[in-house]
Amino acid sequence: MHGRVKVRTTEEEKARKERERQEKLKIFKYAMQKIQSKRKSSELDKELLELTGKVLSSNPDIYTLWNIRRDILNIFRKNNEADESLSQMFDAELHLTEYCLKINPKSYCAWHQREWVLTTRTDPDWSTELSLCNTYLKLDSRNFHTWDYRRFVVSQCKPPLKVEFDFTTDKLLEDFSNYSAWHYRSKMLVELYPDLEGGRPIEDSHHKHELKMVQSAAFTDPDDTSAWFYQRWLLGAVKTTIRLVTYVIAPKKATFAFSKHVDLSFVRSKTFLLINNQEIVGEWYSCTGNMYDVLWVFKHWASITDALDIKVMYENNDGIKEEILSSKCSNSPYIGRTEIDFERKYSAPVVEELNNQLEACRQLLELEPDSKWTLLTTTVFLHCINSRLNYKEVMENLKTLKNVDKLRAGYYSDLITKWSVEEQLYSDYKSDNRQFKVRFTETMSSLPHLQYYSFCEEVDLSNQNLSSKVLPSLIVLQHCKKLSLANNKLTSLRYFPILDLEELNLKGNELDKNEIELLKTSKNYNIIY
Amino acid sequence: MSFTTKDVVLKEERPKTLLLQKHSDYLASYGLNKDDYEYCMTEYLRMSGIYWSLTAMELMGQSHRMPKEDIIEFITSCQDSESGGVSASVGHDPHMLYTLSAVQVLAMYNRIDAIDVEGVVRFIKAMQQEDGSFFGDKWGEVDTRFSFCAVMCLSLLQRLDAIDVNKAVDFVLSCMNFDGGFGSKPGSESHAGLIYCCVGTLSICKRMDALHADELAWWLCERQLPSGGLNGRPEKLPDLCYSWFTMYQSTLTIKTYTTQSSLSMLNRIHWVDKKNLEQFILACQDAETGGFSDRPGDITDPFHTLFGLAGLSLLGNPSIKPVNPTYCMPQETIDRLKLEPQILHI
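Numbers given to residues run from 1 along each chain, matching the order in which its sequence is written. Whichever chain is written first becomes A and whichever ligand is written first becomes 1, with later ones labelled in order. Residue-level local features of this predicted model are given only where pLDDT is at least 70; pairs of side-chain atoms are given and counted only at 80 or more, and the full residue set underlies all totals for whole chains, interfaces and linings. As a rule here, side-chain values cover all heavy atoms of the structure and leave hydrogens and water aside.

A. Molecular detail of the nonpolar core. Residue and element names in this part refer to chain A. Ranked by size, the top nonpolar core spans 258 residues in total, and within it Leu461, Leu474, Leu483 and Leu485 carry the most contacts. Any two residues whose heavy atoms approach within 4.5 Å at even a single point are treated as in contact. Dropping the residues within four chain positions of it, leucine 483 is found in contact with Val459, Leu461, Leu474, Leu477, Phe496, Leu499, Leu501, Glu503, Leu504 and Asn505. Buried Ala, Val, Leu, Ile, Met, Phe, Trp, Tyr and Cys residues form a nonpolar core when they are joined through side-chain atoms within 4.5 Å. Any residue under 20% of the maximum accessible area for its type is buried, any over 50% is exposed, and the rest in between are partly exposed; the area is computed with a 1.4 Å probe on protein chains only. In this structure, Tyr247, Ala254, Phe298 and Tyr334 belong to the second largest nonpolar core, which totals 22 residues.

Here you go:
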């Protein structure tokens, strides 16, 4: 049972406690029986109100009893009870909930009853409710029920948003580790100060101001995690776009890869295939069969031969139609690719602020080289400011973090993989090679951005650190003929997707022989093991 | 800088091995004494109690120790013929939470026929609001827990088509926060238990793509503390579940298990340290009474016993049957029903 420490007691003490409990139980059972029988015979009166109130005072979570009380109060309302006495009844109900919340400040039932009373009675006093929230938040500044109730009260009495925003500032200045206040602040920040012109979530000067506020919080106590999450969010608050990254038009199959998951209506309304300047009609299928996907297959009936003029029109986020030309080498399909761009687009003042803060972090790091949060923040700053220029330093830091923060080594490994793939993509998209081979030194532990390589006919993922859970991701390799997963950590092939391969290399994995044999009989490609 | 990490210290003499026999004895005898104080005082959540105990027993391969016919008869008697919903116990009112528990139990027993399925569908359908959210019952409390109850329940009944799934998804997504997590309603703070409910809803509705998976999973893996246990929100104590009080109202609000299970659905369970986590869960066992508690040294109960066992199952413990992370039910039940909740590609 939650938070109830087991204490050793003497036999005598035990017996005394048990007697006490049995006594309580008898009273409880009697009351419950009386309540049920009165309810059955529709005696929804003040006596029942009193009975249920008594039981709830020590057991605020018996939801049915609150239901009974609402039924009774509704009857008094409908019977046109005098305003004054009705008002008194509702006041009494509020007192009861307050009493119950003292016993259990997290009782969903009691909080909900309070909301019900306030929205049901004709004379709610919202300012009292708001000050009640203030009092409760002084007692426990992290009770999310109180915060939720506050948002409910605010939605009813509608004080200026700025007043609530300033309330979070006060709370944070009292205690920077109040995550609930950071959370509430994030909601209001984007409403109060959106960047309408630039399309960013937060207007520049406020973006900068918030970053500064995080910095002072973080420097007060670097081990307190609350502010760091807020900071990570601020760093990610940039304009996001969905891009068409690559397409392949082969005689058998045409595919389109996007930077994010998109649905059918998106693909259909934004993407157009033109052959010799003629728009081609066809049908779209997502490669996994899901509603939203990163790779879409376009089924059409045009014949794909040599020497065609093939291009794709894609309408980007700003409503501008980009033309994406295709290139074709001998014996290969038509392939179109757009420019790789993973950089975050901050405004100049924000970049300046980030650089200042990076400098401060570096100084702090000199004093405490093994401080996890300082190291992580330095690393994230470096990546956000210029991921390509700082790539090497970022990788070194992430490797250090794997040791400093061992519990989350898996997270850092996946981050290394993701940012390394991003770095490699810049050069891979400049060459005409249809091969993907890992060229960074750290091993891959997951397969992020794999749809960017959907145009490849040869994919070499050998000598990595891949486990069987990554296998479903391979579905995007719709044009791959030769796939190597040699020397990885595969233990099962259960979720290996259907691919049109010629060769699959599974050497050096701890796979069950029977599973391999089964795969061999069911697939018509060459399996090396 | 007077900051102390909120964490517990594992004692050297803590349980280090899985005490399966003890747990099944504990659950088998739980509630045999109808005058037991705790048992009587928790009548208002009996239906969920049955789900916790039976699922735990199923995972241990010991469900034959539960009184199957009595349970089925009890469930039948708890369905309200008018609304179609199921209550926690006889004499209590129908509610989403207990309707789900009842359907989960009947699904495990393969005895869905024991209730009026059309009634349950009617009840859940009536709870959906214009904005896609769900009430818990006719009194209008809105919470993402109830969205999860609705889609889980209907999918177990193969009747997901009865509600507006797109709207249900949109409502859940409107509860997403700056940290990638979710709260109980739009504007509410992220919390591991509610994240589980929201991720679970998206998993069943096959819309995991809408998550900010890396941000969310990072927040979740930062819940792990040096003891190996996980807390539910930043700067809080670790435990197997959230709170003794709230667990009874929010039968789905649980920390260590929910975080683990969300990470499993996000395919990023390797972002936490499995060995430490296993140690913590094992330390929550009571070697005398059997069962698990919320944190080492506290009193045990069926709720934490289920989530302790389910957590160990997610970590691949070979002596416990595989649990499905979305449904928190045995994988064999989910396979039998041919349900395929979505897991994110990585």
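B. Highlighting helix H1 (residues 20–29) of chain B. Residue and element names in this part refer to chain B. We count a stretch as a helix when DSSP gives it H or I for four or more residues in a row; a strand needs E for two or more, and each element gets its number in order from the N terminus. Those residues of H1 lying buried are His23, Ser24, Tyr26, Leu27 and Ala28. Tucked into the core, H1 has its buried residues touching helix H3 (46–59) and helix H14 (302–314). Count one or two residues on from H1 and you reach glycine 31, which has phi positive near 85°.

C. View of the interface of chain A and chain B. Counting from both sides, the interface comprises 78 residues of chain A and, opposite them, 81 residues of chain B. In short, buried area is how much 1.4 Å probe accessible area vanishes from two parts on joining, totalled over both. Summing the contributions of chain A and of chain B, the shared interface buries around 7300 Å²; its carbon and sulfur component is 55%. Counted as salt bridges are all cases of a side-chain nitrogen of Lys or Arg within 4 Å of a carboxyl oxygen of Asp or Glu. Counting the contacts that link chain A with chain B gives seven salt bridges. Its salt-bridge partner being B:Glu222, residue A:Arg408 comes within 3.5 Å of it at the nearest N-O pair. Definition of a polar contact: a pair of N or O atoms within 3.5 Å, with one able to donate and the other able to accept a hydrogen when the atoms are protein atoms, and with sequence-neighbouring residues admitted only if both atoms are side-chain atoms. Put simply, chain A and chain B have 36 residue pairs in polar contact (both at pLDDT 80 or more) between them. It is helix H1 (residues 11–40) of chain A that provides the largest number of residues to the side of chain A that touches chain B, a total of nine residues. Classifying every residue of the side of chain A that touches chain B gives 28 nonpolar, 24 polar and 26 charged. Residues were grouped as follows: Ala, Val, Leu, Ile, Met, Phe, Trp, Tyr, Cys and Pro as nonpolar; Asp, Glu, Lys and Arg as charged; and all remaining residues, including Gly, as polar.

D. Summary view of unusual backbone geometry. Residue and element names in this part refer to chain A. A positive phi angle, near 55°, is found at serine 42, a position not held by glycine. You can see serine 42 is positioned in the loop between H1 and helix H2 (46–58). Taking relative accessible area as the criterion, serine 42 reaches 57% and is therefore assigned exposed. Residue asparagine 487 is not a glycine yet carries a positive backbone phi of 55°. With a relative accessible area of 40%, asparagine 487 lands in the partly exposed category.

E. The packing of aromatic side chains, seen in detail. Two aromatic rings from Phe, Tyr or Trp, using only the six-membered ring of Trp, form a pair when their centres are within 6.5 Å; if the ring planes differ by under 30 degrees the pair is stacked, by over 60 it is edge-to-face, and anything between is tilted. Tallied over the entire structure, the rule returns 43 aromatic pairs over all chains. For the pair A:Tyr230 and B:Phe178, a centre-to-centre distance of 6.0 Å together with 65° between the ring planes defines the contact as edge-to-face. Taken together, the positions of A:Tyr230 in helix H11 (residues 226–236) and B:Phe178 in the loop between helix H8 (165–173) and helix H9 (192–204) put the pair across two chains. The two residues A:Tyr230 and B:Phe178 agree in class, both being buried. Residues B:Tyr30 and B:Tyr39 carry aromatic rings whose centres are separated by 6.2 Å and whose planes lie at 70° to one another, so their mutual orientation is edge-to-face. What makes B:Tyr39 buried here is its relative accessible area of 15%. Across the ring face of B:Trp218, the terminal group of A:Arg232 is positioned such that the distance to the ring centre comes to 4.1 Å. A positively charged side chain is recorded as over a ring if its NZ (Lys) or CZ (Arg) lies within 6 Å of the ring centre. The angle to the ring normal must also be within 35 degrees. Here the guanidinium or amino end of A:Arg337 rests over the ring plane of A:Phe455, the centre of that ring lying 4.6 Å away.

F. Main features of the sheet that holds strand S2 (residues 254–263) of chain A. Residues and elements named next belong to chain A. One open sheet accounts for five strands, arranged S5-S6-S2-S1-S9; its pairing is antiparallel. In this open sheet, the two strands that pair with only one neighbour each are strand S5 (282–286) and strand S9 (334–337). Strand-to-strand twist in this sheet, taken as the mean axis angle between neighbours without regard to direction, amounts to 20°. Pairing of strand S1 (residues 244–249) with S2 involves five bridges; the strand directions are antiparallel. Looking at S2, one finds that isoleucine 249 is bridged to alanine 254. At least two bridges found by DSSP between two strands is the condition for calling them paired. Inter-axis angles, ranging from 0 to 180 degrees, are taken between N-to-C directions of lines fitted to C-alpha atoms, where helices are fitted over the stretch in contact.

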